[in-house]
Amino acid sequence: MKSSTGRRAATKQKLYEAAVTLIAEQGFSATTVDEIAERAGVAKGTVYYNFASKSVLFEELLRHGVGLLTASLREAAEATARRGGSRVDALDAMIRAGLVFIHRYPAFTQLYVAELWRTNRAWQETLMVVRQEAVAVVEGVLRDGVEAGEFSDEIDVSLTAAALVGMVLVAALDWLSFQPERSLDDVHGALSLLLQGRVTGRR
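Residues numbered from 1 in each chain as written. Predicted model: local features only at pLDDT ≥ 70, side-chain atom pairs only at ≥ 80, totals over all residues. Heavy atoms only, no water.

Student: Kindly report on the UniProt feature "domain: HTH tetR-type" (unreviewed entry) in the protein, identifying the contributing residues and their values.
Tutor: The positions that UniProt labels "domain: HTH tetR-type" (unreviewed entry) are, in the present scheme, residues 9-69. Along residues 9-69 one finds 80% helix and 0% strand; the C-alpha atoms at either end are 18 Å apart. (UniProt positions renumbered as here; feature names shortened; annotations may be inferred. Helix = DSSP H or I, 4+ residues; strand = E, 2+ residues; numbered from the N terminus.)

Student: Describe the nonpolar core, naming the residues involved and giving the relevant values.
Tutor: Counting 60 residues, the largest nonpolar core has Leu91, Met94 and Leu99 as the members making the most contacts within it. For this core, the elements supplying multiple residues, two or more each, are α1 (4-26), α2 (33-40), α4 (54-82), α5 (87-104), α6 (106-116), α7 (124-147), α8 (157-178) and α9 (184-195). With ten residues, the top contributor of residues to this core is α8. Residues contacting leucine 91, with those up to four places away along its chain left out, are Val138, Val141, Leu142, Phe151, Leu164 and Leu195. (Core = buried A, V, L, I, M, F, W, Y, C linked by side-chain atoms within 4.5 Å. Buried < 20%, exposed > 50% of the residue type's maximum accessible area, 1.4 Å probe, protein only. Contact = heavy atoms within 4.5 Å.)

Student: Give me the packing of α1 against α6: which residues, what numbers.
Tutor: Packing of α1 against α6 leaves a shortest axis separation of 9 Å and a crossing angle of 60 degrees. Judged by the inter-axis angle, α1 sits oblique to α6. Seen from above, α1 lies across α6 with left-handed handedness. Taken together, the residues of α6 that come into contact with α1 (itself represented by Val20, Ile23 and Ala24) are Ala107, Phe108 and Leu111. Looking at the contact of α1 with α6, its residues break down into six nonpolar, no polar and no charged. (Axes fitted to C-alpha atoms, helices over the stretch in contact; angles between N-to-C directions. Parallel < 35°, antiparallel > 145°, perpendicular 65-115°, else oblique. Left-handed = near helix turned anticlockwise from the far one by under 90°. Nonpolar A, V, L, I, M, F, W, Y, C, P; charged D, E, K, R; others polar.)

Student: Give a description of the packing of aromatic side chains that names residues and reports values.
Tutor: What the rule picks out here adds up to seven aromatic pairs. Aromatic side chains tyrosine 16 and phenylalanine 51 sit 5.8 Å apart centroid to centroid with 50 degrees between the ring planes, which places their arrangement in the tilted category. With tyrosine 16 in helix α1 and phenylalanine 51 in the loop between α3 (44-50) and α4, this residue pair connects regions lying 35 residues apart in the sequence. Ring plane angle 50 degrees and centroid distance 4.9 Å describe the contact between phenylalanine 101 and tyrosine 105, whose orientation is recorded as tilted. An aromatic cluster of three or more residues is present, and its members are Phe101, Tyr105, Phe108 and Tyr112. Against the face of phenylalanine 28 rests lysine 54, its NZ or CZ located 4.4 Å from the ring centre. (Phe/Tyr/Trp six-rings, centres within 6.5 Å; stacked < 30°, edge-to-face > 60°. Lys NZ or Arg CZ within 6 Å of the ring centre and 35° of its normal.)

Put into structure tokens, the structure is as follows:
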């Protein structure tokens, strides 16, 4: 038997899933609380019991989704370190973890990328905070690699980390939207070559 905390977490998860699907389909403004409740299979009052408003629901959805991505990136890096892998191996594992996440949550990823370009949303500050949490995981691996002599000390750690995260986001959305016949392994392999600087054919 689920505890009240467990039931509430399960209800929130249903509402997140309903909201992300609807908002991806028709946009934030066009999506109503009634529609979210109906898609989640709950009463409208349940939405307001868990979230003060539609905006708060969406803000928490962003926190939840990017939190899952951040956790998967961190676990990929830590698992590589436990195996004795290099920092390049850790970055490669994080690229794969990012692709796996996006493949599992494509609607959320589309929303997240779209919201990065908006500047007039109430949750803009929250979005910047959670984005930085994800990028910071990559920055940590890059910084450790520079200190260990694995990476050049000339690299701009913060910009390089943002570029790697952006590469995975854009490549994955292009894959899912325009090249869905490609496998995850295929896409990961292509991005691995970029990471390792082997696109010129030189070793």
